[in-house]
Amino acid sequence: MAQHILVLHGPNLNMLGTREPGIYGRQTLADINARLAEVCAEADAGCAVFQSNHEGELVDRIQATRHDETEFIIINAGAYTHTSVAIRDALAAVGLPFIEVHLSNVYKREPFRHHSYLSDQAQGVIAGLGAYGYEAALRYALAH
């Protein structure tokens with residue numbers, strides 16, 4: 001069972017709850033993180049969260065997993081999903097299993113959102129389940 005899980009939130013996710021609630025829902029990032037902390041506590045697992053609007057900071061945090069106890073990554077890279085070779089390369093470099101999460105169903109949206117630089121490396125992709133997608137990914141990671 002994975003005991004140390006890192007949850008990464010990419011750009012604009014700090015605006016959840018007020019940013020396009022018809023697409024992303026009304027739950028805030030704090031609400032999502034609090035629920036994940038509850039699930040981790042129930043499982044007696046370590047769960048760290050990190051959000052940044054800056055690609056390099058996300059890359060740095062992924063690289064830091066080489067020197068901490070992280071065993072699994074859950075990532076919602078936001079718009080960087082569709083643009084960032086750097087995040088893809090960082091995930092490949094550390095070699096940890098990860099799940100890609102999207103609050104909305106990206107395949108029901110603009111065509112540019114249909115491509116992900118991360119999906120082919122991911123254990124799985126969860127899209128369109130709203131905030132519950134993070135919990136589903138976390139429960140998978142805990143059982144992995």
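Residues numbered from 1 in each chain as written. Predicted model: local features only at pLDDT ≥ 70, side-chain atom pairs only at ≥ 80, totals over all residues. Heavy atoms only, no water.

## Here's the deal with the environment of A86
No. 1: Within the fold, A86 resides in helix 4 (residues 85-94).
No. 2: Residue classification places A86 among the partly exposed residues on the basis of a relative accessible area of 37%.
No. 3: Separated by 71 residues in the primary sequence, A86 and M15 have C-alpha atoms spaced 23 Å apart.
No. 4: Discounting residues that sit within four places of it in the chain, A86 has contacts with E55 and V59. (Helix = DSSP H or I, 4+ residues; strand = E, 2+ residues; numbered from the N terminus. Buried < 20%, exposed > 50% of the residue type's maximum accessible area, 1.4 Å probe, protein only. Contact = heavy atoms within 4.5 Å.)

## Remarks on the UniProt feature "active site" (unreviewed entry) in the protein chain
No. 1: Per the UniProt record, "active site" (unreviewed entry) is found at Y24 and H102. These annotated residues cover 79 residues of sequence, but their C-alpha atoms sit close together, with the largest distance between any two at 9.3 Å.
No. 2: For Y24, the position within the fold is in helix 1 (residues 21-24).
No. 3: On the accessibility criterion, Y24 (11% relative accessible area) is buried.
No. 4: For Y24, the residues in contact, after removing those within four places along its chain, are L16, R19, L103, S104, R109 and R113. (UniProt positions renumbered as here; feature names shortened; annotations may be inferred.)

## Section: unusual backbone geometry
No. 1: A positive phi is found at N12, a non-glycine position, where the angle reads about 70°.
No. 2: By the element assignment, N12 lies in the loop between strand 1 (4-9) and helix 1.
No. 3: A residue is classified by how much of its surface remains accessible, and N12, at 36% relative accessible area, is partly exposed.
No. 4: With a phi angle near 55°, D44 is a residue other than glycine that sits in the positive phi range.
No. 5: Mapped onto the fold, D44 is located in the loop between helix 2 (29-42) and strand 2 (46-51).

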